[in-house]
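One-letter residues, chain by chain:
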Amino acid sequence: MSFKPEEGERVILTEDCAEDKLKSGFLVLTSKRILFQKTEGRMATLSKKEGDIVLDIPLSQVSSFKSEGFLVKKFVIVSSGQTYKFGVFSNGQWEKQFRQAQAGAS
């Protein structure tokens, strides 16, 4: 992943996942923001090509977040009237870490 944190910013969680509309990429939670960098898979080499950062939302601009699902787990965030649903391995972990990061960023 090519994302580089800003000075004084630390990466808390990162996961290779998919968002319902944005498709596959890396979800990154830092001490200041949440980002999503698109990726494209290459079957011939079983590798992924990194794309653009399509979401870059300061934690203060996330109006709500939650984890949902039992078999298909999603971490859901709402910002500026847009809802994003990320299929992550441990939605409870994402919710817990996001709550702590948002409290620390305030």
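Up top you'll find the structure we're talking about.
Since we're looking at a predicted model, the values are computed, not measured.

Asker: Sorry, what's going on with the overall build of the protein chain here?
Answerer: For the protein chain, the count of helices and strands is 1 helix and 7 strands. Along the protein chain, from the amino end to the carboxyl end, the secondary structure elements read β-β-β-β-β-β-β-α. Scaling as 2.2 N^0.38, a compact globule of 106 residues should have a C-alpha radius of gyration of about 13 Å, and the protein chain matches this with 14 Å. Along the three orthogonal principal directions, the C-alpha set of the protein chain runs to about 45 × 35 × 25 Å. Counting over 106 residues, the protein chain shows a buried share of 38%. Excluding contacts between residues fewer than 6 apart, the proportion of contacts in the protein chain whose partners are at least 24 apart in sequence is 40%. Separation between the mean location of the 16 positive side-chain charges and that of the 13 negative ones in the protein chain comes to 4 Å.

Asker: I tried to follow the nonpolar core on my own but got confused; where do I start?
Answerer: Generally speaking, soluble globular proteins have nonpolar side chains that are buried together. With 19 residues, the main nonpolar core has Leu27, Ile34, Phe75, Ile77, Phe86 and Phe98 as its most contacted residues. If you list the elements that add at least two residues to this core, you get strand 1 (11-19), strand 2 (23-30), strand 3 (33-42), strand 4 (47-58), strand 5 (62-68), strand 6 (74-79), strand 7 (82-87) and helix 1 (91-105). Ranked by residue count, the leading element in this core is helix 1, at 3 residues.

Asker: Hey, could you run me through the pattern of salt bridges in this one?
Answerer: When their charged atoms lie close together, side chains carrying opposite charge are able to pair. Using the criterion set out here, one finds 7 salt bridges in the structure. In this structure, aspartate 20 and lysine 74 form a salt bridge, with 2.5 Å as the shortest nitrogen-oxygen distance. With aspartate 20 in the loop between strand 1 and strand 2 and lysine 74 in strand 6, this pair connects stretches of sequence that are 54 residues apart. Take aspartate 20: its relative accessible area is 36%, and that puts it in the partly exposed class. With relative accessibility at 16%, the residue lysine 74 sits in the buried group. Lysine 66 serves as the salt-bridge partner of glutamate 68, at 3.6 Å between the closest nitrogen and oxygen. Take glutamate 68: its relative accessible area is 25%, and that puts it in the partly exposed class. Among the charged side chains, a network of salt bridges with common partners joins Glu6, Glu9, Arg33 and Asp56.

Basis of the calculations
Residues numbered from 1 in each chain as written. Predicted model: local features only at pLDDT ≥ 70, side-chain atom pairs only at ≥ 80, totals over all residues. Heavy atoms only, no water. Helix = DSSP H or I, 4+ residues; strand = E, 2+ residues; numbered from the N terminus. Rg over C-alpha atoms; globule rule 2.2 N^0.38 Å. Buried < 20%, exposed > 50% of the residue type's maximum accessible area, 1.4 Å probe, protein only. Contact = heavy atoms within 4.5 Å. Lys, Arg positive; Asp, Glu negative; His and termini not counted. Charge placed at Lys NZ, Arg CZ, Asp CG, Glu CD. Core = buried A, V, L, I, M, F, W, Y, C linked by side-chain atoms within 4.5 Å. Salt bridge = Lys/Arg side-chain N within 4 Å of Asp/Glu carboxyl O.

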